[in-house]
Amino acid sequence: MTAAILFAFAAAVFLGTGVVMTQLGLRTVSPLSGASISVPSFTLLFLLLSPLLLQGEPFVWRGLAIFAAIGLVFPAALTFLTFASNRSLGPVITSTLGNLAPLLAVSLAVVLLHEPLRAPQLIGIVVAVVGAVIITVTRPRDLGHWRSWALLLPLSAALLRGVVPPVAKLGLDIWPSPLWACLVGYVVSSLVVLTVQRLRTGRFVEAAPMSGRLWFAATGICNGLSVLTMYAAVRNGPITLVAPLGAIYPLVTVALSAILLKHIDITARTVAGTALTVAGVALVLAG
């Protein structure tokens, strides 16, 4: 169980970092083009390291279809939705609405996988999500976006991020290898984003400044490590424990936004929201 907790925290840190790095790449590269760089970047790195990483990892054909099916939308569609949301709404609101994912993931885990959910865990999930919302909605101008059609972008991303862990759990029960699960999904997703980019622009990678390409390559590696550690967490523990810990990723987004993007000021609301999020995570762990 300790391994699941550590992997879940690592996934949240990588995810929060990737959200902020996306904003830097979007200064010179469009969301779809960014996706066609970020997803294949991690896939290429993973393939290069696979002889070492996958040594001794058994190949289970029965699980291949599940992870390949996940790869059709995750991280392909999720990456595009997150990048587009970052461009339209910024990293703060993207992270705020992204925190609906743990609620959906836990609900599906209880209904489909029959995982138990104790009262302290449920309270902790709600408290952590409320804390994250308080942290991220700190500026009056943020509120002007809440009625925008662009809110469908982070909401759709949250839907995907919530559905994937329970489905991945089913696949990992058949093929208990987070490494293979991540690699298969990323290979399929790379084919998807490159095909879409080719059909849309006539080329696999759009011409863009080298700085933008490097930012998206780094973002892809961060996001890929987030997916890999999330799979490892789901493999080693119940989703009712793992998914709520992802609620801390807006803390990482806010902290890095304040440092790198100069978007956030540390206020009493930020401190209160952080305290609530930490308290919620503590309740989940104690439950």
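Since the model is a prediction, treat every value here as computed from it, not as a measurement. (Residues numbered from 1 in each chain as written. Predicted model: local features only at pLDDT ≥ 70, side-chain atom pairs only at ≥ 80, totals over all residues. Heavy atoms only, no water.)

Draft legend 1. Expanded view of unusual backbone geometry. With omega at 10°, the peptide bond leading from F74 into P75 counts as cis. Relative to the helices and strands, P75 is located in the loop between α3 (61–71) and α4 (76–98). The phi dihedral of H114 falls on the positive side, at around 60°, and the residue is not glycine. Among the structural elements, H114 can be located in the loop between α5 (101–112) and α6 (119–136). (Helix = DSSP H or I, 4+ residues; strand = E, 2+ residues; numbered from the N terminus.)

Draft legend 2. Examining the nonpolar core more closely. Core analysis: the biggest nonpolar cluster contains 63 residues, and F67, I70, F74, C182, M230 and Y231 have the highest contact counts within it. When residues of this core are assigned to their parent elements, the largest contribution, eight residues, is made by helix α8 (residues 178–201). Aside from chain neighbours lying at most four places away, what touches F74 is V164, G185, S189, V227, M230 and Y231. (Core = buried A, V, L, I, M, F, W, Y, C linked by side-chain atoms within 4.5 Å. Buried < 20%, exposed > 50% of the residue type's maximum accessible area, 1.4 Å probe, protein only. Contact = heavy atoms within 4.5 Å.)

Draft legend 3. Representation of empty space enclosed by the protein within the structure. Tallied over the full model, the rule gives two cavities of 30 Å³ or more. What lines the largest cavity is a set of 31 residues, among which A11, L15, R161, S226 and M230 lie closest to the centre. Taken together, the residues that form the lining of the largest cavity break down as 22 nonpolar, eight polar and one charged. The computed volume of the second largest cavity comes to approximately 50 Å³. Along the walls of the second largest cavity sit L15, V19, L81, T82, S85, T94, G98, L153, P154, A157, R161 and Y249, which together make up its complete lining. Per element, the largest residue contribution to the lining of the second largest cavity is five residues, and it comes from α4. Of the residues assigned to the lining of the second largest cavity, the class counts are seven nonpolar, four polar and one charged. (1 Å grid on protein atoms, 1.4 Å probe; cavity = no way out; pocket = protein on both sides within 12 Å on 5 of 7 lines; lining within 4 Å. Points joined across faces, edges and corners; volume = space filled by probe spheres on them. Nonpolar A, V, L, I, M, F, W, Y, C, P; charged D, E, K, R; others polar.)

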